[in-house]
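# Chain and residue survey
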Amino acid sequence: MKTIATKNAPAAIGPYVQGNVVGNLLFASGQIPLDPATGEMVGETIEEQATQVMKNVAALLDAAGTDFDHVVKTTCFLNDMDDFAAFNEVYARSFSGHLPARSAVAVEKLPKGALVEVEVIAVIEG
């Protein structure tokens, strides 16, 4: 097992790592809309926060040597299911043709008051 750590994504805010590679799979921890440089929340709307979340996910994928085209499963946590359509618009921009399997659930609270969190499982080729 290899641990993924990059300064291009937010540092863990608890007892966990940004991601682990097992065999040819990346299991990335959930990302909330934190600025990697400051650790502060980015945005107040679901669109702004989802955009930062997907940037953070992209940084983890890149650090592991993969990309959105190789994501096989996502789990998306929304603070308010009324944000589902707006979240989907931002989320869809990260994928160019290949769509992963996905779960999307509403939760009562997310860390630091975030509106959205996304975790991914991706294949690493080569």
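Here's a quick rundown of the structure. (Residues numbered from 1 in each chain as written. Predicted model: local features only at pLDDT ≥ 70, side-chain atom pairs only at ≥ 80, totals over all residues. Heavy atoms only, no water.)

Here we come to the overall build of the protein. Counting its regular elements, the protein contains two helices and six strands. Along the protein, helices and strands appear, N-terminal first, in the series β-β-β-α-β-α-β-β. Taken over C-alpha atoms, the radius of gyration comes to 13 Å for the protein, in line with the 14 Å a tight globule of 126 residues would show. With the C-alpha coordinates aligned to their principal axes, the bounding extent of the protein is approximately 40 × 30 × 20 Å. Per-residue burial for the protein yields a buried fraction of 41% across its 126 residues. Taking all contacts inside the protein whose residues are at least 6 apart in sequence as the whole, residues at least 24 apart take part in 68%. Of the roughly 6600 Å² of accessible surface on the protein, a fraction of 53% belongs to carbon and sulfur atoms. Computed over 8 positive and 16 negative side-chain charges, the inter-centroid distance for the protein is 6 Å. (Helix = DSSP H or I, 4+ residues; strand = E, 2+ residues; numbered from the N terminus. Rg over C-alpha atoms; globule rule 2.2 N^0.38 Å. Buried < 20%, exposed > 50% of the residue type's maximum accessible area, 1.4 Å probe, protein only. Contact = heavy atoms within 4.5 Å. Areas by Shrake-Rupley, 256 points an atom, 1.4 Å probe, with all protein chains shown as cover. Lys, Arg positive; Asp, Glu negative; His and termini not counted. Charge placed at Lys NZ, Arg CZ, Asp CG, Glu CD.)

This paragraph deals with the pairing of strand 5 (residues 101-106). Of the pairings in the sheet, the one linking strand 4 (residues 71-78) to strand 5 comprises six bridges and is parallel in character. The residue bridging F77 from the neighbouring strand is V105, located in strand 5. With helix 2 (residues 84-92) bridging strand 4 and the parallel strand 5, this β-α-β connection has right-handed handedness. (Pairing = 2+ DSSP bridges. Right-handed = clockwise from strand over helix to strand, strands pointing away.)

On to the packing of helix 1 (residues 46-63) against helix 2, then. Relative orientation of the contacting elements helix 1 and helix 2 amounts to 35 degrees, with a least axis distance of 9 Å. Considering only the axes of helix 1 and helix 2, their crossing is right-handed. On helix 2, the residues that touch I46, E47, A50, T51 and M54 of helix 1 are A86, F87, V90 and Y91. (Axes fitted to C-alpha atoms, helices over the stretch in contact; angles between N-to-C directions. Left-handed = near helix turned anticlockwise from the far one by under 90°.)

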